[in-house]
Amino acid sequence: MANPSAVCNGHLHHHHQKQNNLLKSGIYKKNGITKGMKKNGVSNGTVYRKKFVEHFEQAPMYVAVLTFLGFGVGTVFGYLRDFMRAWGLEKRNIAAEREQQKDFVPLYQDFENFYTRNLYMRIRDNWNRPICSVPGPQFDLMERVTDDYNWTFRFTGRIIKNVINMGSYNYLGFAETDVNALKTVTIELQKYGTGICSTRQEMGTLDKHVELEKLVATFLGVEDAMVFGMGFATNSMNIPALVGKGCLILSDELNHTSLVLGARLSGATIRIFKHNNIQSLENLLRDAIIYGQPRSRRAWRKIIILVEGIYSMEGSIVRLPEIVSLKKKYKAYLYLDEAHSIGAVGTTGRGVVEYFGMSPDDVDVLMGTFTKSFGAAGGYIAGKKDLVDFLRTHSHSAVYATSMCAPVAEQIIRAMKCLMGLDGTTQGQQRVQQLGKNTRYFRRRLHEMGFIIYGNDDSPVVPLLLYMPGKIGAFARRMLEKNIGVVVVGFPATPITESRARFCVSAAHTREMLDMVLNALDELGDFLHLKYSRYSKSSHPELYEETRLELED
Amino acid sequence: MDIKSMKNYLYWLYCQFELITCSYLMEPWEKLLFYTFNIMMLVMVLYTTYIFVPVHISTAFQFFLHLFENQHENAVSVVK
């Protein structure tokens, strides 16, 4: 438990170490490999240069029991309401077939939407809220009310001003309307207009695209890159171009729907490994190479590993050094989706590859989106020149999808130049550092308050666990009353017992805004009883003091 | 002052009950139904306790008393 090789300067340092170990031994998901690497440096040929601390604390057992109780009550009442709707005691608000089609094969399968009808509808007012300003650190919200318990909404006409935005993926704060910042974008808008009206392979390649692709390649440190108009389509349309039947895809448990869709469309065999679990991945790789394809026992044509840089529902960062060493050992390919991590992690904002101090040559296919950190839309795929040339001819997106429009491309160019420092200011570097500071501060304060937070200490995505279905609606509504907009996520997107509120910290948030949010969370945490963590210092002040006394001997 | 904090605490407890059992999400008539059901169950349990528990306790008490009396009698007869 204690760290024998650490240099200690006396009681204070010892105490700090012991307290650290006391906290971390409970919190580490896998404490064998990671701690060893931290102490000794080299293990299995890979190195984690800084501490890799991830938290996935489990709540006390009674929380799970009460969550199921809540869902049970909801289900009983769901059945009651369905019964009333079926027997005409209550008006049906969902889609139903016409009278003439009653004897046909049913078009709307009633039971499958049970959860949507009976639980989601009751708290539906917390999602799809229309905003009417730029989604910067604050935004304006259109107020809406419902007369029939969330089946229909109407706008009152009032606008709620300056709601603090904790839900937008605005990591570097580039979603802004400052006229000086958008000067070049307005020029390009007046020069090119907004429509491209063609695909990349026909007449849709502009000089802006060529300029952008060169810039992206320089930014990431690779040979070449290609940009696409839509981030989701970048994944779902390019994975089928890279793999096909006879190939093997090893995909993480919690991969995004775009990766899953792309993998299924490709027709390759898909095998899933446990989230961020290197042992599970290695077992799958060994089985794949030893046993080959299922019936013919031939070698797989290609083995590709699909991972993400930051997983947006968990806030965890991929264990890239270990995965790269595995891929080199077993000769597989690696596809890294940096949708949330490009611009958000790394000392200069170049993503998880830089965060771990690795070279971009280690990853075969670097994919990312411009929607999150660059305040634009679209995605890119970068890597060796041969790969990108192949995609230019064979990708479905290049052949059939309209290319990115010029003002959006210019926005990305100006954001990237700002990040790289090519516009002559240090604003980009300042934004990245501000994001890092905000992330660490926010996470540290939430841990101290006693909430259960998932994920890596350096990831700007902060999921705060709510667990019970009743609290999802209450949390979002009360936060809005305090003028803070949050995103809450429930069952289909997360496991049934682990519903959460997901905060996205931004470089544009000032310390005052974060303090306001933290104070509101403190109050709300006490009122809703959300502080389940057993490891926070504030929830066990006497334990902290006791440890100090023990070592003072 | 104490009454106020007691009232606040009770209100907080009531809110917790509402959140945990999802009655926060229910429409008013559903809440009425749910609370009526719960209160009825509680009243039935209490009534059953009131009727049966004293009888059970006194029967159990008499049983144990009888057991010790028997033992004592047997011991006494041997010594004689």
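Reading the values: the criteria
- Residues numbered from 1 in each chain as written.
- Chains lettered and ligands numbered in written order.
- Predicted model: local features only at pLDDT ≥ 70, side-chain atom pairs only at ≥ 80, totals over all residues.
- Heavy atoms only, no water.
- Helix = DSSP H or I, 4+ residues; strand = E, 2+ residues; numbered from the N terminus.
- Rg over C-alpha atoms; globule rule 2.2 N^0.38 Å.
- Buried < 20%, exposed > 50% of the residue type's maximum accessible area, 1.4 Å probe, protein only.
- Areas by Shrake-Rupley, 256 points an atom, 1.4 Å probe, with all protein chains shown as cover.
- Lys, Arg positive; Asp, Glu negative; His and termini not counted.
- Charge placed at Lys NZ, Arg CZ, Asp CG, Glu CD.
- Pairing = 2+ DSSP bridges.
- UniProt positions renumbered as here; feature names shortened; annotations may be inferred.
- Axes fitted to C-alpha atoms, helices over the stretch in contact; angles between N-to-C directions.
- Parallel < 35°, antiparallel > 145°, perpendicular 65-115°, else oblique.
- Contact = heavy atoms within 4.5 Å.
- Nonpolar A, V, L, I, M, F, W, Y, C, P; charged D, E, K, R; others polar.
- Salt bridge = Lys/Arg side-chain N within 4 Å of Asp/Glu carboxyl O.
- Polar contact = N/O pair within 3.5 Å; in protein donor to acceptor, adjacent residues only side chain to side chain.
- Expected span 1.5 Å × (residues − 1).
- Patch = residues over 30% accessible without salt bridge, like charges linked within 9 Å, V, L, I, M, F, W, Y side chains within 5 Å.
- Buried area = accessible area lost by both parts, 1.4 Å probe.

## Quick word on the overall build of chain B
Part 1 of the reasoning: From N to C terminus, chain B includes 2 helices and 0 strands.
Part 2 of the reasoning: In terms of overall size, chain B is more extended than a compact globule, its C-alpha atoms giving a radius of gyration of 25 Å where 80 residues would be expected to give roughly 12 Å.
Part 3 of the reasoning: For chain B, the spread of C-alpha atoms along the principal axes amounts to about 75 × 35 × 20 Å.
Part 4 of the reasoning: Taken over 80 residues, chain B has a buried fraction of 18%.
Part 5 of the reasoning: Surface summary for chain B: the accessible area is close to 6800 Å², and the carbon and sulfur share equals 76%.
Part 6 of the reasoning: Distance between charge centroids for chain B: 10 Å, based on 4 positive and 6 negative side chains.

## So, the pairing of strand E5 (residues 248–252) of chain A
Residue and element names in this part refer to chain A.
Part 1 of the reasoning: Of all 5 residues that make up E5, 5 are buried, and the element is covered over most of its length.
Part 2 of the reasoning: Burial along E5 is two-sided: the residues Leu248, Leu250 and Asp252 and Ile249 and Ser251 are all buried.
Part 3 of the reasoning: In this structure, E5 lies alongside strand E7 (residues 303–308), joined through 4 bridges in parallel fashion. Note on E7: the bridge partner recorded for Leu248 is Ile303.

## Things to note about the UniProt feature "domain: Aminotransferase class I/classII large" (unreviewed entry) in chain A
Part 1 of the reasoning: The UniProt record annotates "domain: Aminotransferase class I/classII large" (unreviewed entry) at residues 161–521 of chain A.
Part 2 of the reasoning: Summarising residues 161–521 of chain A: 42% helix, 16% strand, and an end-to-end C-alpha distance of 20 Å.

## Description of the packing of helix H17 (residues 511–528) of chain A against helix H1 (residues 2–20) of chain B
Any two packed helices are characterised by how steeply their axes cross, that is the angle between the axes, and by the distance between the axes.
Part 1 of the reasoning: Their axes nearest at 9 Å, the elements H17 of chain A and H1 of chain B cross at an angle of 80°. With respect to their mutual orientation, H17 of chain A and H1 of chain B come out roughly perpendicular. Contacts between H17 of chain A and H1 of chain B pair Asp526, Phe527 and Leu528 of chain A from the former with Trp12, Cys15, Gln16 and Leu19 of chain B from the latter.
Part 2 of the reasoning: Classifying every residue of the contact of H17 of chain A with H1 of chain B by side-chain character gives 5 nonpolar, 1 polar and 1 charged.

## Focus on the UniProt feature "transmembrane region" (unreviewed entry) in chain B
Part 1 of the reasoning: Cross-referencing UniProt, the feature "transmembrane region" (unreviewed entry) maps to residues 32–53 of chain B in the present numbering.
Part 2 of the reasoning: Within the segment residues 32–53 of chain B, helix and strand shares are 100% and 0% respectively, and the terminal C-alpha atoms sit 31 Å apart.

## Some thoughts on the sheet that holds strand E14 (residues 487–489) of chain A
Residues and elements named next belong to chain A.
Part 1 of the reasoning: Pairing within the open sheet is antiparallel, and its 3 strands lie in the order E12-E15-E14. A strand with exactly one partner marks an edge of an open sheet, and here the two such strands are strand E12 (461–465) and E14. Pairs of neighbouring strands in the sheet enclose a mean axial angle of 30°, with direction left out of account.
Part 2 of the reasoning: As defined by bridge partners, E12 adjoins strand E15 (residues 500–504) across 5 bridges and the pair is classed as antiparallel. By the bridge assignment for E15, Val461 is matched with Cys504.

## Things to note about unusual backbone geometry
Residue and element names in this part refer to chain A.
Part 1 of the reasoning: Positive phi values are uncommon outside glycine, yet Cys197 reaches one of about 60°.
Part 2 of the reasoning: With respect to the secondary-structure elements, Cys197 resides in the loop between helix H5 (183–192) and helix H6 (207–220).
Part 3 of the reasoning: We note that Arg297 has phi near 60°; this positive angle belongs to a residue other than glycine.
Part 4 of the reasoning: Looking at where Arg297 falls in the secondary structure, it is placed in the loop between helix H9 (278–291) and E7.

## Notes on the pattern of salt bridges
Part 1 of the reasoning: Counted by the stated rule, this structure contains 33 salt bridges over all chains.
Part 2 of the reasoning: When the shortest N-O distance is used, the salt bridge between Glu30 of chain B and Arg122 of chain A registers 2.8 Å. Here the residue Glu30 of chain B occupies a position in helix H2 (residues 28–79), and Arg122 of chain A occupies one in the loop between helix H4 (114–120) and strand E2 (138–145), the pair thus bridging two chains.
Part 3 of the reasoning: We classify Arg122 of chain A as buried; its relative accessible area is 15%.
Part 4 of the reasoning: In this structure, the salt-bridge partner of Arg477 of chain A is Asp125 of chain A, at a minimum N-O distance of 3.1 Å. Placement of the pair is Arg477 of chain A in helix H16 (residues 469–481) and Asp125 of chain A in the loop between H4 and E2, with a sequence separation of 352 residues.
Part 5 of the reasoning: With a relative accessible area of 22%, Arg477 of chain A lands in the partly exposed category.
Part 6 of the reasoning: One network of salt bridges, in which partners are shared, links Arg200, Glu213, Asp224, Lys385, Asp389 and Arg392 of chain A.

## Considerations on the side chain of Ser506 of chain A
Residues and elements named next belong to chain A.
Part 1 of the reasoning: Structurally, the position occupied by Ser506 is in the loop between E15 and H17.
Part 2 of the reasoning: A distance of 3.0 Å separates a polar atom in the side chain of Ser506 from the backbone nitrogen of Ala508.
Part 3 of the reasoning: Residues contacting Ser506, with those up to four places away along its chain left out, are Asn170, Tyr171, Gly173, Leu435 and Asn438.

## Some thoughts on helix H15 (residues 427–449) of chain A
Note that an α-helix has 3.6 residues per turn; residues three or four places apart therefore point the same way.
Residue and element names in this part refer to chain A.
Part 1 of the reasoning: Compared with the 33 Å implied by 1.5 Å per residue over 23 residues, the 32 Å span of H15 between its first and last C-alpha is a close match.
Part 2 of the reasoning: Those residues of H15 lying buried are Gly428, Arg431, Val432, Leu435, Asn438, Thr439, Tyr441, Phe442, Arg443, Leu446 and Met449.
Part 3 of the reasoning: If you follow the buried residues of H15, they end up packed against helix H14 (406–420), strand E11 (455–456), E12, E15 and H17.
Part 4 of the reasoning: Directly after H15, the chain includes Gly450, whose backbone phi takes a positive value near 105°.

## What to know about a positive patch on the surface
Part 1 of the reasoning: Positive charge collects at one region of the surface, where Arg49, Lys50, Lys437, Arg440 and Arg511 of chain A lie side by side.
Part 2 of the reasoning: With respect to the helices, strands and loops of the structure, Arg49 of chain A is situated in the loop between helix H2 (31–40) and strand E1 (54–55).

## Structural notes on the interface of chain A and chain B
Part 1 of the reasoning: Between chain A and chain B, the contact holds 22 residues from the first and 16 residues from the second.
Part 2 of the reasoning: Taking both partners together, chain A and chain B bury about 1800 Å²; carbon and sulfur atoms supply 71% of that area.
Part 3 of the reasoning: Across the contact surface, chain A and chain B share 3 salt bridges.
Part 4 of the reasoning: Taken together, the links from chain A to chain B amount to 8 residue pairs in polar contact (both at pLDDT 80 or more).
Part 5 of the reasoning: Contributions of two or more residues to the side of chain A that touches chain B are made by helix H3 (61–86), H16 and H17 of chain A.
Part 6 of the reasoning: Element by element, the count of residues in the side of chain A that touches chain B is highest for H3 of chain A, at 8 residues.

## Notes on the UniProt feature "transmembrane region" (unreviewed entry) in chain A
Part 1 of the reasoning: On the UniProt side, "transmembrane region" (unreviewed entry) is annotated at positions that read residues 59–80 of chain A here.
Part 2 of the reasoning: The annotated region residues 59–80 of chain A carries 91% helix and 0% strand content, and the separation between its end C-alpha atoms amounts to 31 Å.

## What to know about the side chain of Arg129 of chain A
All names here are of chain A.
Part 1 of the reasoning: Counting through the fold element by element, Arg129 comes out in the loop between H4 and E2.
Part 2 of the reasoning: The side chain of Arg129 sits in the buried core without any salt bridge; Asp125 is the nearest counter-charge, 5.8 Å away.
Part 3 of the reasoning: Sequence-distant contacts of Arg129, that is, excluding residues within four places in its chain, are made with Leu141, Arg144, Ala476, Leu480 and Val486.

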